[in-house]
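# Structural overview
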Amino acid sequence: MSYCVNCGVELDKTCAVCPLCNTKVCNPAQPVDRESPTPFPSRKGDTAPAGRTDAALLISIVLAVTGCVCGLLNLLVFQGSHWSLYVIGGCLLLWVFFLPVFFQPFSPYASILLDGAGIAMYFGIIAWLHPGNGWYRALALPLTALAAVLVLIFALWVRQIHGSILSCSALVLGETALFTVAVELLICRMHQAPAGITWSAIVLTCCVIIDAALITIIRRSRLREEVRRRMHI
């Protein structure tokens, strides 16, 4: 019987190297038996990597079971409120977010629109549980639609026009200013107050100043190359 001189494990008579530490076996009193069958398989099997279908199935099952279990708990045990709708809506929202992973190729523009619809749906669940003063139709729904449109415009700019980092930054700042002004105007409309901008004017002013600087840099080749050289972009 042979033992590994490095880790001390008992070795089979067919082992030429230690199966644990890979140390070469050297026992003059017992040469390696190369004719008897080895106790370990000689071929290594490789498991195929999990595909998108497997990942989609796993995520879908986890989200579906989470929603169903919480719904049953809410229905049979914790009956004080409709709290399970938050969880069920969150699971549906996550499933919509994972759609591009499930189905390839999947249009990024369709993904953005579906994400916006999912967020609007989740806000709708909250509005159904807490009606309030009509905040869903007056504020949440139009802002969600506006945000989806702005993100869609940015995606089109990046994928179709292939804008530079500077032009993309200018576009993001412009969309931020527009979204901020829209938030304040919609809040005024919801509260039936006179339309006007106050705090959003500060954001608008900052964005306009920075955008003016960025557009100047983009249009002047020497400034553009200097910025790229200094910022490594």
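It should be noted that the structure appears before, not after, this text.
What you are looking at is a predicted structure, and each value in this text was computed from that prediction instead of being measured.

## A closer look at the side chain of S200
Looking at where S200 falls in the secondary structure, it is placed in helix α7 (residues 199–219). The buried category is assigned to S200, whose relative accessible area is 0%. In contact with S200, other than residues within four places in its own chain, are T180, V181 and E184.

## A few points about the environment of L99
You can see L99 is positioned in helix α3 (residues 99–102). For L99, a relative accessible area of 8% puts it in the buried group. Not counting chain neighbours up to four residues away, the residues in contact with L99 comprise F106 and L114.

## Considerations on the nonpolar core
Grouped together as the largest cluster of nonpolar side chains are 8 residues: L166, A170, L173, A177, C207, L214, I217 and V227. Elements supplying a minimum of two residues to this core: α6 (165–190) and α7. Here the element with the most residues in this core is α6; it accounts for 4 residues. Setting aside its immediate chain neighbours within four residues, L173 contacts C207, I210, D211 and L214. Judged by nonpolar contacts, the second largest core, of 5 residues, contains L143, V183, L186 and M190.

## With respect to the packing of aromatic side chains
Going through the model one piece at a time under the given rule, you end up with 2 aromatic pairs. With 6.4 Å between their ring centres and 65 degrees between their planes, F78 and W83 make a pair best called edge-to-face. Residues W135 and Y136 carry aromatic rings whose centres are separated by 6.2 Å and whose planes lie at 90 degrees to one another, so their mutual orientation is edge-to-face.

The rules behind these values
- Residues numbered from 1 in each chain as written.
- Predicted model: local features only at pLDDT ≥ 70, side-chain atom pairs only at ≥ 80, totals over all residues.
- Heavy atoms only, no water.
- Helix = DSSP H or I, 4+ residues; strand = E, 2+ residues; numbered from the N terminus.
- Buried < 20%, exposed > 50% of the residue type's maximum accessible area, 1.4 Å probe, protein only.
- Contact = heavy atoms within 4.5 Å.
- Core = buried A, V, L, I, M, F, W, Y, C linked by side-chain atoms within 4.5 Å.
- Phe/Tyr/Trp six-rings, centres within 6.5 Å; stacked < 30°, edge-to-face > 60°.

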